[in-house]
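The residues making up each chain are set out below.
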Amino acid sequence: MIKAITGTKDILPSDINKWLHLEEVVRKLFTCYNYKEIRTPIFEDTSLFARGIGEETDIVSKEMYTFIDRGGTSLTLKPEMTASVVRAFIEHSLGASQPLNKLFYISPMFRQERPQAGRFRQFHQFGAEALGSQSPLLDAEMIQLPYFIFKELGLKHLSVKINSLGETEIRDKYKKVLRDYLSDKIERLSPESKKRFETNILRIFDSKDETDIQLLKEAPKLIDYLDDKSRSNFETVKQVLKDSGIPYEVDTQLVRGLDYYTQTTFEIVSSKVGSQSALCGGGRYDFLVEELGGKSTPGVGFASGIERVLLALENEDALSLPERNVDIYIIRIDETASKYLHRIANELRNQNLVVDFDYLSRSMKAQMREANKFNANFVLFLGGEELERGLFTLKNMKSGKQDMIGINTIFENIKEFLEKLNAAKTT
Ligand code: AMP
């Protein structure tokens, strides 16, 4: 039997309500902040990610799904969205018509990581990118947005970690300081960190190795080297978070895996999802647009993993979603009623009611069982004899009460029917 590829997951009808609810909350919040949705292709030219994310990052060096298509072009399934959004921003000159573009997305992403709880090879992210302003108010907004989304969904066990990486020159200066500090400790570093010492020294802070962590405890902190502008922006971010009631901690070792960050970086973690605890991450990237060939434009954004958010909701038992019940299940008593079946069903569906009936020519008892399984609010009995008299029976499944209703109230006076239905619902 052919099965789904390791690290990918079917989202079954029994799960879909959670997804739809989350997407609705996400869309609602982004809309209130006046962010516009953007959708980009699933695959891009490989060089976009190699240049945009950085050759030395884990994503580019070992996690991308890259393939050569039949025309000989190297393509990659998008592992994250920022590079794609920036590409689209440049390609369509979005900055020319709008000085500040506030964009959001909901999209699948692909990374060949080792699958485990909360880590998949095809996963989904919602996120935002604001292109065109250096205001730290936007940095703060990128923390507020996911935080408020998580809160609205019902999550409680969250912590917000923030840091500032300063401007590029500051970071370059600091890298030297860190290199000096670690130079007589190299031999004690883990093999991965030894490699990072040469290729991308800041990433050493992402190491989970105990010895690395101990060695880094006493290391000089980047935040102590910040330039005035970065320091004052960071203060503004903190103040906005305070004013909006968002608790945070400054994590001076939060560098995040991607190369393009400058100044603010942040993560929101949940204590309820095990080792893969980051629900979202993001930061400022003031040089990426230029790096990818566009006019110098500052940017800031975040991305949040939907599977992880849903896992946190499940583990916190925080999500209770009412299913949309079947409003009316039509029970066909005999074949002579068939000619009315579709007309009545369609008339009712046009009124935005959820209507279903039996497609399998089952017995009345089996049809009733089906109506119960769907939690139908009402069943409507359609029999030839009743219809000859211009009437049918409507049964309220909650109260058991039955009413005779004239067929004309559906075909000619649907308003009256809906009023009766609503009245019946509450009695
Ligand atoms: P990143 O783009 O690596 O900063 O990730 C942003 C967010 O996406 C993380 O905080 C996770 O919630 C989620 N995420 C990243 N990689 C995966 C993955 N392989 N599986 C599931 N979620 C992921």
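Computed from a predicted model, the values in this text were never measured in an experiment.

What follows concerns the packing of helix α1 (residues 13-32) against helix α6 (residues 136-153). α6 packs onto α1 with a crossing angle of 135° between their chain directions and a minimal axis gap of 10 Å. Our classification of the angle between α1 and α6 gives oblique. Of the two elements, α1 crosses α6, and the hand of that crossing is right-handed. Mapping the contact onto sequence places H21, L22, V25, V26, K28, L29 and F30 in α1 and L145, F148, I149, E152 and L153 in α6.

The next thing to look at is the packing of aromatic side chains. Applying the stated criterion across every chain, the model contains 10 aromatic pairs. Between the aromatic rings of Y329 and F374, the centroid separation amounts to 6.4 Å while the plane-to-plane angle is 35°, which identifies the pairing as tilted. In this pair, Y329 sits in strand β12 (residues 328-332) while F374 sits in the loop between α14 (364-373) and β14 (378-382), placing the two residues 45 residues apart along the sequence. A ring pair is formed by F357 and Y359, whose centres lie 4.6 Å apart and whose planes are at 25°; its orientation type is stacked. One aromatic cluster is present, built from ring pairs that chain together F30, Y35, F104, F126, F150 and F302. Here the guanidinium or amino end of R343 rests over the ring plane of F411, the centre of that ring lying 4.0 Å away.

On to the sheet that holds strand β7 (residues 158-164). With mixed pairing, eight strands are arranged side by side in an open sheet as β1-β5-β6-β11-β10-β9-β7-β8. Edge strands, defined here as strands with exactly one partner in the open sheet, are β1 (36-37) and β8 (248-250). Inspection of the sheet shows β7 paired to β8 by three bridges, in the parallel sense. Across the sheet, K161 pairs through a bridge with E249, a residue of β8.

The phi dihedral of S93 falls on the positive side, at around 45°, and the residue is not glycine. With respect to the element layout, S93 can be found in the loop between α4 (82-91) and α5 (94-97). Look at S93 and you get partly exposed, because its relative accessible area is 43%.

Another point: the site of the ligand. Surveying the vicinity of the ligand reveals 14 residues, the closest of which are R111, E113, F120, R256 and A278. For the ligand, a nitrogen atom lies 2.7 Å from a polar atom in the side chain of E113. Separating an oxygen atom of the ligand from a backbone N or O atom of A278 is a distance of 2.9 Å. Compared with its free state, where it exposes 480 Å², the ligand has 91% of that area covered by protein. Of all elements in the fold, only β6 (122-131), β10 (278-284) and β11 (299-305) reach the threshold of two or more residues within the shell around the ligand. Across the shell around the ligand, the residue classes break down as six nonpolar, three polar and five charged.

Locating N346 in the fold gives a position in helix α13 (residues 338-349). Look at N346 and you get partly exposed, because its relative accessible area is 41%. The spacing of N346 and E218 is 128 residues in sequence and 71 Å in space, taken between C-alpha atoms.

Let us now look at the pattern of salt bridges. If the charged atoms of two oppositely charged side chains come close together, the side chains can form a pair. Under the counting rule described, the total for this entry stands at 25 salt bridges. One salt bridge connects D184 with K185, and the closest N-O pair in it is separated by 3.2 Å. For D184, a relative accessible area of 62% translates into the label exposed. We note a salt bridge from D327 to R324, for which the minimum N-O separation is 3.2 Å. Members of the salt-bridge network, linked through shared partners, are D58, K62, E192, R196, R203 and D206.

All right, on to the domain arrangement of the chain then. Per the domain assignment, the segments of the chain are domain 1 (13-166 + 226-316) and domain 2 (328-426). Summarising the inter-unit geometry, the C-alpha centres of domain 1 and domain 2 are found 49 Å apart.

This part takes up the sheet that holds β14. An order of β13-β12-β14-β15-β16 is seen for the five strands of this open sheet, with the pairing classed as mixed. For this open sheet the edge positions go to β13 (355-357) and β16 (402-406), each flanked by a neighbour on one side alone. Geometrically, the sheet is characterised by an average inter-axis angle of 25° between neighbouring strands, direction not taken into account. In the sheet, β12 pairs with β13 via three bridges, with the strands oriented parallel. What sits directly across from Y329, in β13, is D356. Each of β12, β14, β15 (391-396) and β16 touches helix α17 (residues 414-426); the most contacted strand, β15, lies at about 30° to it.

Criteria and thresholds
- Residues numbered from 1 in each chain as written.
- Predicted model: local features only at pLDDT ≥ 70, side-chain atom pairs only at ≥ 80, totals over all residues.
- Heavy atoms only, no water.
- Axes fitted to C-alpha atoms, helices over the stretch in contact; angles between N-to-C directions.
- Helix = DSSP H or I, 4+ residues; strand = E, 2+ residues; numbered from the N terminus.
- Parallel < 35°, antiparallel > 145°, perpendicular 65-115°, else oblique.
- Left-handed = near helix turned anticlockwise from the far one by under 90°.
- Contact = heavy atoms within 4.5 Å.
- Phe/Tyr/Trp six-rings, centres within 6.5 Å; stacked < 30°, edge-to-face > 60°.
- Lys NZ or Arg CZ within 6 Å of the ring centre and 35° of its normal.
- Pairing = 2+ DSSP bridges.
- Buried < 20%, exposed > 50% of the residue type's maximum accessible area, 1.4 Å probe, protein only.
- Near = heavy atom within 4 Å.
- Polar contact = N/O pair within 3.5 Å; in protein donor to acceptor, adjacent residues only side chain to side chain.
- Areas by Shrake-Rupley, 256 points an atom, 1.4 Å probe, with all protein chains shown as cover.
- Nonpolar A, V, L, I, M, F, W, Y, C, P; charged D, E, K, R; others polar.
- Salt bridge = Lys/Arg side-chain N within 4 Å of Asp/Glu carboxyl O.
- Domains from an automatic or database assignment.

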